[in-house]
Amino acid sequence: MSTIRTRFAPSPTGNVHIGNIRAAIYNWLFARHEGGQFLLRIEDTDLERSTPAATQTVLDSMAWLGLDYDGEVLYQSTQRAHHLELAEQLLRSGHAYKEDKGGTGKGECVIFRMPGTDIGYHDLVKGDLLKKAEDLRDFVIVRSDGSPVFHLGNVADDITMGVTHVIRGDDHVENTFKHIALYRALGAPVPQFAHLPMIVNAQGKPYSKRDGAAYVGEFRERGFLPEALFNSLALLGWSPGDDREVMTRDEMVAAFTLDRVRSAPSQLDMTKLLWMNGEHMRRMDPLAVADACRAAMEREGLWRDGTDMDYFRAAVACMGDRIKLFPDMGHNAAFFFDEEFPYDEKSVRKRLQKPGALDLLRDERAILAAAPDFSPAALDAAIHALAEQRGLGLGDLVHPLRVAVSGTGVGPGLFEMLAVMGRDRVLRRIDRTLSTYAP
Ligand code: GLU
């Protein structure tokens, strides 16, 4: 019985693009679903870019996303002697020849001889693919400086690692015909291939840095949860076959099959990613959410010393799904913690500076001062009663009141917000607003 073995084989460059890490996620999900192994190979043969720091970035990104691998990491640079041995073997068997390419006198490279026949294979995502013999050219496997080329190292290492399924980006489809010829010439079993659709932007172009966060580290810095990024990237090209979207890692492992991977490009939609992050936040322990919001605010210098933690937690809960990322608390809910909160000019003009608005606010103050208790239901009833008594719409009372206590026209449900703020704070804030705009 042969077990399934997948691998992630990044070339470390210092950043991990979400397209690459999605390949890692699919390899990981497939291996875990099948009870197989997920291996890691670092293709570190580009000595200029593949620094230890660049490799560490790959390892950190994987650890953060929970992509644990089996066994030891294979560093491709350690396999050089073996790659060159295989090149010798191919020369001996007549599958390769030496040539001074272009007659530059720089020395000879080793060139792989294509078999002269069509090469076809069944891609587990893209279906049957075929390349005609006349479109398959011989190619260099060892450069004139003696260094093995990507194709040789990639195939050699997959053989060494016993990889059964090569799951990688679409950009390697063309290489696959070369690779299959190499496996055959080396007398090694050809693995199965699955090429993943590209991640594209709203214009259908490859998703890049210009489109927004493109690297794992950027999502991490912006406050995304690893569970949410994992979940979002898993759904970029795969679906469980029902309408589930918010899923745990275990649920994805249970549901993951390659036949549900789409071959059409997948569009990355930041709004959707933020929504997903919010959904995963809502599944967390509320105390942990509040702690993480606080930590994010501290990092950005937005945390106010002396903020009461119970009040803070209540405010986080009150913001509910208006918080999609931890740092949002500092950006969208600062008024909760700032008695000197600024007033949004437009909201003031629209809600407080129309005739009679401030008189009405005074009446609301009196009602709130006298409310039997300060629960959302009691406040709701009291303001409703006032609206009815005056023959006004609820909006005529609610909007000015919101601006008076928060300085802005947007926020959580007003009565919940007032209840969290508490009577003293609310009355104090209304007084401040009245003395600012009705001196
Ligand atoms: N180092 C290659 C890349 O990152 C590996 C491709 C593969 O998975 O075979 O594109």
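Presented here is an overview of the structure given in this document.

Reading guide: rules and limits
Along each chain, numbering runs from 1 in the same order as the chain's sequence is written. Local features in this predicted model are restricted to residues of pLDDT 70 or higher, and side-chain atom pairs are both shown and tallied only at a pLDDT of 80 or more, whereas totals for entire chains, interfaces and linings draw on every residue. Side-chain metrics rest on all non-hydrogen atoms present in the structure, leaving aside hydrogens and water. A run of H or I in DSSP becomes a helix once it reaches four residues, and a run of E becomes a strand once it reaches two; helices and strands are each numbered from the N terminus. C-alpha atoms define the radius of gyration in this analysis, and the globule rule sets the expected value at 2.2 Å times the number of residues to the power 0.38. Only protein chains enter the accessibility calculation, which uses a 1.4 Å probe; a residue whose area is less than 20% of its type maximum is buried, one above 50% is exposed, and one in between is partly exposed. Note on areas: Shrake-Rupley with a 1.4 Å probe; residue coverage comes only from the protein chains shown. For helices, the axis comes from a line fit to the C-alpha atoms of the stretch in contact; other axes are also lines fit to C-alpha atoms, and the angle between any two N-to-C directions lies between 0 and 180 degrees. Small angles under 35 degrees read as roughly parallel and large ones over 145 as roughly antiparallel, with 65 to 115 read as roughly perpendicular and the rest as oblique. By definition, turning the near helix anticlockwise from the far helix through less than a right angle yields a left-handed crossing, and turning it clockwise yields a right-handed one. Contacts were defined at the residue level, with two residues in contact if any of their heavy atoms lie within 4.5 Å. In this classification, Asp, Glu, Lys and Arg are treated as charged, Ala, Val, Leu, Ile, Met, Phe, Trp, Tyr, Cys and Pro as nonpolar, and every other residue, Gly included, as polar. Throughout, near means a residue has at least one heavy atom within 4 Å of the molecule or strand. Polar contact criterion, stated in full: a pair of N or O atoms within 3.5 Å, where within protein one must be able to donate a hydrogen and the other to accept it, and residues adjacent in sequence count only if both atoms are side-chain atoms. In this analysis a 1.4 Å probe is tested at points of a 1 Å grid over the protein atoms alone, and where it fits but cannot get out there is a cavity; an open set with protein on both sides within 12 Å along at least five of seven lines is a pocket; lining residues have an atom within 4 Å of a point. Criterion for pocket placement: a molecule counts as inside a cavity or pocket if more than half of its atoms are within 2 Å of its grid points. For Phe, Tyr and Trp, rings pair up if their centres lie within 6.5 Å, where Trp contributes its six-membered ring, and each pair is then called stacked (planes under 30 degrees apart), edge-to-face (over 60) or tilted (otherwise). The set of buried Ala, Val, Leu, Ile, Met, Phe, Trp, Tyr and Cys residues whose side-chain atoms join them within 4.5 Å is what this entry labels a nonpolar core. When a carboxyl oxygen of Asp or Glu is within 4 Å of a side-chain nitrogen of Lys or Arg, the pair counts as a salt bridge.

Remarks on the overall build of the protein
Part 1 of the argument: Summing up its helical and strand segments, the protein has 18 helices and 12 strands in all.
Part 2 of the argument: The globule rule puts the C-alpha radius of gyration for 439 residues at 22 Å, and the 31 Å found for the protein is more than 25% above it.
Part 3 of the argument: Overall size of the protein, expressed as C-alpha extent along the three principal axes, is 95 × 45 × 35 Å.
Part 4 of the argument: A total of 439 residues make up the protein; the buried ones form 49% of that total.
Part 5 of the argument: A total accessible area of about 20,700 Å² is found for the protein, and carbon and sulfur atoms account for 50% of it.

Quick word on the packing of helix H7 (residues 226-234) against helix H9 (residues 270-282)
Part 1 of the argument: At a minimum axis separation of 8 Å, H7 and H9 run at an interaxial angle of 130°. In terms of orientation, H7 lies oblique with respect to H9. The handedness of the crossing between H7 and H9 comes out as right-handed. Of the residues in H9, those in contact with Glu227, Ala228, Leu229, Asn231 and Ser232 of H7 are Leu273, Met276, Asn277 and His280.
Part 2 of the argument: Considering only residue class, the contact of H7 with H9 consists of four nonpolar, four polar and one charged.

So, the site of the ligand
Part 1 of the argument: The immediate surroundings of the ligand are formed by Arg7, Ala9, Pro10, Ser11, Glu43, Phe150, Asn154, Arg168 and His172.
Part 2 of the argument: At 2.6 Å from a nitrogen atom of the ligand is found a side-chain nitrogen or oxygen belonging to Glu43.
Part 3 of the argument: For the ligand, the accessible surface in isolation is 290 Å², of which the surrounding protein chains cover 85%.
Part 4 of the argument: Among the detected pockets, the ligand sits in the largest pocket.
Part 5 of the argument: Tallied by class, the residues present in the shell around the ligand amount to three nonpolar, three polar and three charged.

Structural notes on the packing of aromatic side chains
Part 1 of the argument: Applying the stated rule across the entire model yields 16 aromatic pairs.
Part 2 of the argument: Relative to Phe256, the ring of Tyr26 has its centre 5.3 Å away and its plane inclined at 65°; by these criteria the two rings are edge-to-face. Residue Tyr26 is found in helix H1 (residues 18-34), and its partner Phe256 is found in the loop between helix H8 (249-255) and strand S12 (266-267); the two are separated by 230 residues along the sequence. For the residue pair Tyr26 and Phe256, the accessibility class agrees, reading buried in each case.
Part 3 of the argument: Ring geometry for Phe335 versus Phe336: centroids 5.0 Å apart, planes at 25°, classification stacked. No difference in accessibility class separates Phe335 from Phe336, as the two residues are buried.
Part 4 of the argument: Here a set of aromatic residues connected by ring pairs shows up, and it is made of Trp303, Tyr311, Phe312, Phe335, Phe336 and Phe337.

Here we look at the nonpolar core
Part 1 of the argument: Among the nonpolar cores identified, the biggest contains 107 residues, and Ile21, Trp238, Phe312, Met329 and Phe336 are the most heavily contacted of them.
Part 2 of the argument: Residues Phe112, Tyr121, Leu186 and Ala188 belong to the second largest nonpolar core, which totals 32 residues.

Details of the side chain of Asp157
Part 1 of the argument: Here Asp157 is to be found in helix H4 (residues 150-160).
Part 2 of the argument: On the basis of relative accessible area, Asp157 is assigned to the buried category, the value being 0%.
Part 3 of the argument: Discounting residues that sit within four places of it in the chain, Asp157 has contacts with Arg41, Leu74, Gln76, Gln79 and His83.

Structural notes on the pattern of salt bridges
Part 1 of the argument: Following the criterion strictly, the structure yields 23 salt bridges and no others.
Part 2 of the argument: Between Arg49 and Asp46 there is a salt bridge, with its nearest N and O atoms 3.7 Å apart.
Part 3 of the argument: Take Asp46: its relative accessible area is 38%, and that puts it in the partly exposed class.
Part 4 of the argument: The partner of Lys131 in a salt bridge is Glu174, and the shortest N-O contact between them spans 2.5 Å. Highlighted residues: Lys131 in strand S7 (residues 127-131) and Glu174 in helix H5 (residues 173-185), separated in sequence by 43 residues.
Part 5 of the argument: Judged by relative accessible area, Lys131 falls into the buried class, the value being 18%.
Part 6 of the argument: What you see here is one network of salt bridges that share partners, running through Arg7, Arg41, Glu43, Asp157 and Asp158.

In short, the description is geometric, and any link to function would need to be established separately.
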